[in-house]
Amino acid sequence: MALFALMKRFEEIKYAADQGDAESQYDLGCMYEEGRGVKQDSTKAMQCYLKAAEQGYAKAQYELGLMYSRLPPNKKNEEEAIRWIQTAMEGFRQAAEQGDAEAQCRLGEIYDMAKKGDGSQNKRIKTVATALGLFSGEKDVKWFEEESARWFQMATEGFRQAAEQGDVKAQFELGGIYCWFLGGRENEEKGMRWFEKAAEQGLVDAQHELGYMYSTGWCVGEPDVSEALKWYTRAAEQGHFLAQTHLAKIYAGCDELIEPYYSESLKWYLKLAERGDTVAQHNIGVMYAKGLGVVQNINEARKWLKKAVELGNAEAKKSLQSLEAFLSQQGDTQDEKTLEQMAFIF
C-alpha cells in the first residue's frame, strides 16, 4: 500500500475513533503501536486502547493489558495488566460461547500462551499466565492445553465455511491455526494453502507470514529465498513494517540467505527511517559512512546517525563517535579501522 493510501486510511480511522467508535479506536491503537501508516508511539497507542477498552471492546482490553505488562514493573502496572487481561477474557468467552469464531480463536491463542508461563522469562507470557490462574494452584498446564485445543477446534469449524466462500480474513485465521497451533505436517500443508489463498487476494499479513515461512523453512520443509523475497516484497510495498524490515535485513546480508545487495537494502531502510525507525536511521548512516550501496558521503552519514541519536539510539551514539574519531585524524593518518567499529544493528 502506498504511503498516501496508508495516510488516507489513518485519517479515516482517526476520524471514526474521534467520534467514539470503539473498533476504530482499537485499530488506531494498533497503528500507533506498530508504526503502521503513522509514526510509532506507544503512549498514543495505550490512550487509544484505553478509550476502546472502557467501552467494553475485548481486543482493546487485552492489548492494553499486554502493554501494561511491558511497562517498568511495579505493583500498579502489574495490577492493571492483570485486570485488563481478565476483563478481556470475560468478553472473549461470552462471544465465543455464542459462536463467534474470532473470539474462539483468540481464546485458543491466549490459553496456548498461558500454558508456557511456567518457567518462561517473558514478561508478557508470565502476566497472561498469572491473570489466567496458572500459578494459583487451581489450574495446571494440561488444563490450558485442553482448553486451547477445544477452542481452536471450534474456531476451525467456524472459520471453514467462510474461508471456502472466499472470506480472506477467515482464510488467514485458518492458516494461522493450522500452521502455528495444531502441528503436524498435514496441518501445516493445510495452513500454507489457506495463507496462500489469503495472500493472493492481497491480504498483507498473509503475505508477510508466507515471507517469514519461506525465509525460515517453517512449515515448508526448507528455506526458499526467492519465494520469501516475493512475498515479503508484496507485503512491504503495501507498507507492512515488519516485511520492510525483513527485506532490508536480507538484502544487507544479515540472515546470510543471499549475498549482500546493499543498494536494495538501503531502499527499504530509507522507507523505515521515514517512519522514525532508529535502527534503520543508524544503518543508513553506516552505509553512507562506508559507501555500501551508495557513494560514500560522510555528511549524509553524520546526518542519519544524529537523527538516530536524537531519538535515543545508544548504538548510533557509538557509531557517531567512531565517525567523529575518523574525521579527527589528519591527512594520510586517517585510520580506516575506526570505521570498522561501525556495524549494522538489527
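If you're wondering where the values come from, they're calculated on a predicted model, not measured in any experiment. Sequence order sets the numbering: in each chain, residues are counted from 1 along the sequence as written. It should be noted that, the model being predicted, local features are given only for residues of pLDDT at least 70 and side-chain atom pairs only at 80 or more, the latter also being counted only at that level, while totals for whole chains, interfaces and linings use all residues. Note: side-chain values were computed over all heavy atoms of the structure, leaving out hydrogens and water.

### Describing the overall build of the chain
And step 1. Helical segments are the DSSP runs of H or I of at least four residues, strand segments are the runs of E of at least two, and each set is numbered from the N terminus. Secondary structure summary: the chain contains 18 helices and zero strands in total.
And step 2. The contact definition used throughout considers only heavy atoms, calling two residues in contact when any of these lie within 4.5 Å. In the chain, of all internal contacts separated by at least 6 residues, the share reaching a separation of at least 24 is 48%.
And step 3. All accessibility values rest on the Shrake-Rupley procedure with a 1.4 Å probe; residue burial counts only the protein chains present in the view. Counting only carbon and sulfur atoms, one obtains 48% of the accessible surface of the chain, whose full area is about 17400 Å².
And step 4. Within the chain, the 55 negative side-chain charges are centred at a point lying 3 Å from the centre of the 42 positive side-chain charges. Note on charges: Lys and Arg go in the positive column, Asp and Glu in the negative column, and His and the chain ends are not counted at all. In plain terms, the charge of a residue is placed at NZ if it is Lys, CZ if Arg, CG if Asp and CD if Glu.

### Quick look at the state of the cysteines
And step 1. Here, two cysteine sulfur atoms that lie within 2.5 Å of each other are counted as a disulfide. For the structure shown, the criterion picks out zero disulfides.
And step 2. Here Cys-105 stays unpaired: no disulfide links it, and the sulfur of Cys-179, its closest cysteine neighbor, is 13 Å away.
And step 3. Between Cys-219, a free cysteine, and Cys-179, which holds the nearest cysteine sulfur, the sulfur-to-sulfur gap is 3.8 Å.
And step 4. Think of it in three bands: with a 1.4 Å probe and only protein chains considered, a residue is buried below 20% of the maximum accessible area for its type, exposed above 50%, and partly exposed in between. Judged by its relative accessible area of 5%, Cys-219 is buried.

### Looking at the packing of helix α3 (residues 42–53) against helix α4 (residues 58–70)
And step 1. Where α3 meets α4, the closest approach of the two axes is 8 Å, and the angle between their N-to-C directions is 140 degrees. Relative to α4, α3 is oriented oblique. α4 is crossed by α3, and the crossing has left-handed handedness. Residues Ser-42, Ala-45, Met-46, Tyr-49, Leu-50, Ala-52 and Ala-53 of α3 lie in contact with α4, whose contacting residues are Ala-60, Gln-61, Glu-63, Leu-64, Met-67 and Tyr-68.
And step 2. Gly is placed with the polar residues, together with every amino acid not listed as nonpolar (Ala, Val, Leu, Ile, Met, Phe, Trp, Tyr, Cys and Pro) or charged (Asp, Glu, Lys and Arg). Residue composition of the contact of α3 with α4, by class: 10 nonpolar, two polar and one charged. Only the stretch in contact is used when fitting a helix axis, every axis being a line fitted to C-alpha atoms; angles between N-to-C directions are given from 0 to 180 degrees. What sets the label is the angle itself: under 35 degrees gives roughly parallel, over 145 gives roughly antiparallel, 65 to 115 gives roughly perpendicular, and the rest give oblique. Each crossing is labelled by how the near helix is turned from the far one, with a counterclockwise turn of less than a right angle marking it left-handed and a clockwise turn marking it right-handed.

### Description of the side chain of Asp-112
And step 1. Position of Asp-112 among the secondary structure elements: in helix α6 (residues 101–114).
And step 2. What Asp-112 contacts, discounting residues up to four positions off in sequence, is Ser-148, Phe-152 and Phe-181.

### Points about the packing of helix α9 (residues 168–182) against helix α11 (residues 204–216)
And step 1. Direction vectors running N to C along α9 and α11 enclose 25 degrees, while the axes themselves pass 10 Å from each other. Classified by the angle their axes make, α9 and α11 are roughly parallel. Remark: the crossing between α9 and α11 carries left-handed chirality. The residues of α11 that touch α9, namely those facing Phe-172, Cys-179 and Trp-180, are Asp-205, Ala-206, Glu-209, Tyr-212 and Met-213.
And step 2. Class assignment for the residues of the contact of α9 with α11 results in six nonpolar, no polar and two charged.

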